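# Residue-level structure breakdown
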Amino acid sequence: MKILVVSAHPDPASLTNALRDVAVAELQADGHAVRVTDLYAIGWKSEVDRLDFPALPASARLRVPAASGEAFVTGSLTQDVVAAQEDLLWADALILAFPLWWFSMPAILKGWIDRVYAFGFAYGVGEHSETRWGDRYGEGTLAGKRAMLIVTAGGWPSHYGPRGINGPIDDLLFPIHHGMLFYPGYDVLPPFVLYRADRTDAATFDETATALKGRMRTLFETPPIPFRRQNGGDYTIPSMELCPERVRPDLTGFAAHIERPDHNVRQVECRS
Ligand code: FAD
């Protein structure tokens with residue numbers, strides 16, 4: 001299979017990059033083809049601005065979705081963005097490796113998403129009408145592919161537990177898992193998170209590397225997080241809310257968007 005690994009750490013000798021390299025070596029040893037994009041090493045431009053749309057007249061306002069969609073259909077996106085999109089289309093799986101910075105991804109990686117996920121490529125895909133709100137959340141350009149995060153975090157596991165002060169890790173990663181990966185179609189695997197990363201010693205590194213190699217070996221067998229699919233009948237259109245006839249009306253928050261038999265009311269059609 002083909003795997004794209006995108007990493008975001010400024011120090012080539014970092015723990016994050018060492019774990020990335022463990023993952024890449026294991027995937028290659030298992031016979032997969034791997035492409036690696038080290039965003040700092042290539043000097044990725046992270047901000048969206050006019051330079052991204054060279055065909056846009058200088059006098060025109062920069063309305064990013066419109067400019068992005070126009071550049072996508074006319075083939076005038078910048079070469080770095082086009083190459084990254086080709087990598088995404090090439091790969092059967094995407095792995096993002098990064099340190100948790102302010103409870104999210106480093107800005108350079110967010111900027112990679114902002115620029116590569118063009119209108120028509122990652123959003124604005126499919127029919128938008130009264131009865132359908134596009135191909136997204138389980139459908140879209142990257143459907144049928146898998147995605148997974150490798151994250152290092154300074155905090156302890158308990159800090160990210162169900163009652164931990166930082167909030168549950170699944171909640172913190174929800175905007176990435178659900179909003180950036182499931183949205184354009186990926187099946188999203190549970191993340192690989194190394195906690196207390198700054199305290200990593202040789203023994204912890206070896207233990208972590210062993211666990212990570214195991215995750216790489218099962219990359220194409222691990223069940224994805226069962227996010228509810230937008231067009232699977234659990235949401236009303238166009239309000240895009242969970243349908244009370246399908247999902248328990250008392251459920252709110254991120255977890256309600258994950259399919260669980262005990263969260264379902266009954267398998268009837270959504271009335272609204
Ligand atoms: P490094 O600094 O590269 O290494 C960490 C340790 O691993 C070092 O002591 C190193 O010696 C050791 N190590 C062991 N084996 C190896 C090896 N083979 N290769 C390299 N190093 C090895 N944490 C949170 O929990 N939540 C946050 O919101 C958060 N926000 C942050 C925001 C910023 C701006 C910064 C700078 C840090 C933040 N942190 C946060 C902490 C951050 O998540 C950790 O510092 C980071 O994940 C550690 O990973 P690293 O790759 O940078 O580690």
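As the structure is a prediction and not an experimental result, all values here were calculated from the model. (Residues numbered from 1 in each chain as written. Predicted model: local features only at pLDDT ≥ 70, side-chain atom pairs only at ≥ 80, totals over all residues. Heavy atoms only, no water.)

### Looking at the overall build of the protein
- When helices and strands are tallied, the protein shows 6 helices and 6 strands.
- If you list the helices and strands of the protein from N to C, you get β-α-β-α-α-β-α-β-α-β-β-α.
- Expected size for 272 residues packed as a compact globule is a radius of gyration near 19 Å; at 20 Å, the protein falls within 12% of this value.
- By principal-axis analysis of the C-alpha atoms, the protein measures approximately 55 × 55 × 40 Å.
- Here the protein, with 272 residues, has 46% of them falling under the buried criterion.
- Considering only residue pairs separated by 6 or more positions, the protein has 72% of its internal contacts joining residues 24 or more positions apart.
- When the accessible area of the protein is evaluated, it comes to approximately 13300 Å², of which 56% is carbon and sulfur surface.
- Within the protein, the 33 negative side-chain charges are centred at a point lying 3 Å from the centre of the 26 positive side-chain charges. (Helix = DSSP H or I, 4+ residues; strand = E, 2+ residues; numbered from the N terminus. Rg over C-alpha atoms; globule rule 2.2 N^0.38 Å. Buried < 20%, exposed > 50% of the residue type's maximum accessible area, 1.4 Å probe, protein only. Contact = heavy atoms within 4.5 Å. Areas by Shrake-Rupley, 256 points an atom, 1.4 Å probe, with all protein chains shown as cover. Lys, Arg positive; Asp, Glu negative; His and termini not counted. Charge placed at Lys NZ, Arg CZ, Asp CG, Glu CD.)

### So, the site of the ligand
- In the vicinity of the ligand lie 20 residues, with H9, T16, T152, Y160 and D198 positioned nearest.
- Backbone polar atom of L15 to an oxygen atom of the ligand: 2.9 Å apart, as the coordinates give it.
- The contact in question runs from an oxygen atom of the ligand to an N or O atom on the backbone of F103, over 2.7 Å.
- Computed on the free molecule, the ligand has an accessible area of 980 Å², of which 66% lies beneath the protein chains in the complex. (Near = heavy atom within 4 Å. Polar contact = N/O pair within 3.5 Å; in protein donor to acceptor, adjacent residues only side chain to side chain.)

### Some words on the domain arrangement of the protein
- Here the protein is partitioned into domain 1 (2-224) and domain 2 (233-272).
- Taken over C-alpha atoms, the centre of domain 1 sits 28 Å from the centre of domain 2.
- For the pair domain 1 and domain 2, the two sides together bury roughly 630 Å², of which 75% comes from carbon and sulfur.
- The interface formed by domain 1 and domain 2 holds 0 salt bridges in total.
- Inspection of the domain 1/domain 2 interface yields 0 residue pairs in polar contact (both at pLDDT 80 or more). (Domains from an automatic or database assignment. Buried area = accessible area lost by both parts, 1.4 Å probe. Salt bridge = Lys/Arg side-chain N within 4 Å of Asp/Glu carboxyl O.)

### A short note on the packing of helix 1 (residues 15-29) against helix 6 (residues 202-217)
- Orientation of helix 1 relative to helix 6, taken along the N-to-C sense of each, is 40 degrees, at an axis distance of 9 Å. Our classification of the angle between helix 1 and helix 6 gives oblique. The chirality of how helix 1 crosses helix 6 is right-handed. Side by side, helix 1 and helix 6 meet where L15, A18, L19, V22, A23, E26 and L27 of the first sit next to F205, T208, A209, L212, K213, M216 and R217 of the second.
- Residue composition of the contact of helix 1 with helix 6, by class: 10 nonpolar, 1 polar and 3 charged. (Axes fitted to C-alpha atoms, helices over the stretch in contact; angles between N-to-C directions. Parallel < 35°, antiparallel > 145°, perpendicular 65-115°, else oblique. Left-handed = near helix turned anticlockwise from the far one by under 90°. Nonpolar A, V, L, I, M, F, W, Y, C, P; charged D, E, K, R; others polar.)

### Regarding helix 1
- Counted at 1.5 Å a residue, the expected span for helix 1 with its 15 residues is 21 Å, and the 21 Å between its end C-alpha atoms agrees.
- Residues of helix 1 that are buried include every one of T16, N17, L19, R20, V22, A23, V24, E26 and L27, and no others.
- Here the buried face of helix 1 lies against strand 1 (2-7), strand 2 (33-38), strand 3 (93-99), strand 4 (146-152), strand 6 (192-194) and helix 6.
- With its phi angle positive at about 90 degrees, G31 sits one or two positions after the end of helix 1. (Expected span 1.5 Å × (residues − 1).)

### A closer look at the state of the cysteines
- Throughout the structure, instances matching the rule amount to 1 disulfide.
- At a sulfur-sulfur separation of 2.2 Å, the disulfide partner of C243 is C270. On the sign convention where negative means left-handed, the S-S torsion of about 120 degrees between C243 and C270 marks this disulfide as right-handed. Here C270 lies in the segment after helix 6 and C243 lies in the segment after helix 6, a separation of 27 residues in the sequence. When sorted by exposure, C243 lands in the same class as C270, which is buried. (Disulfide = S-S within 2.5 Å.)

### With respect to a nonpolar patch on the surface
- Taken together, the side chains of W101, W102 and F103 present a nonpolar region at the surface, about 420 Å² in accessible area.
- Positionally, F103 belongs in the loop between strand 3 and helix 4 (107-116).
- Given a relative accessible area of 35%, F103 falls into the partly exposed group. (Patch = residues over 30% accessible without salt bridge, like charges linked within 9 Å, V, L, I, M, F, W, Y side chains within 5 Å.)

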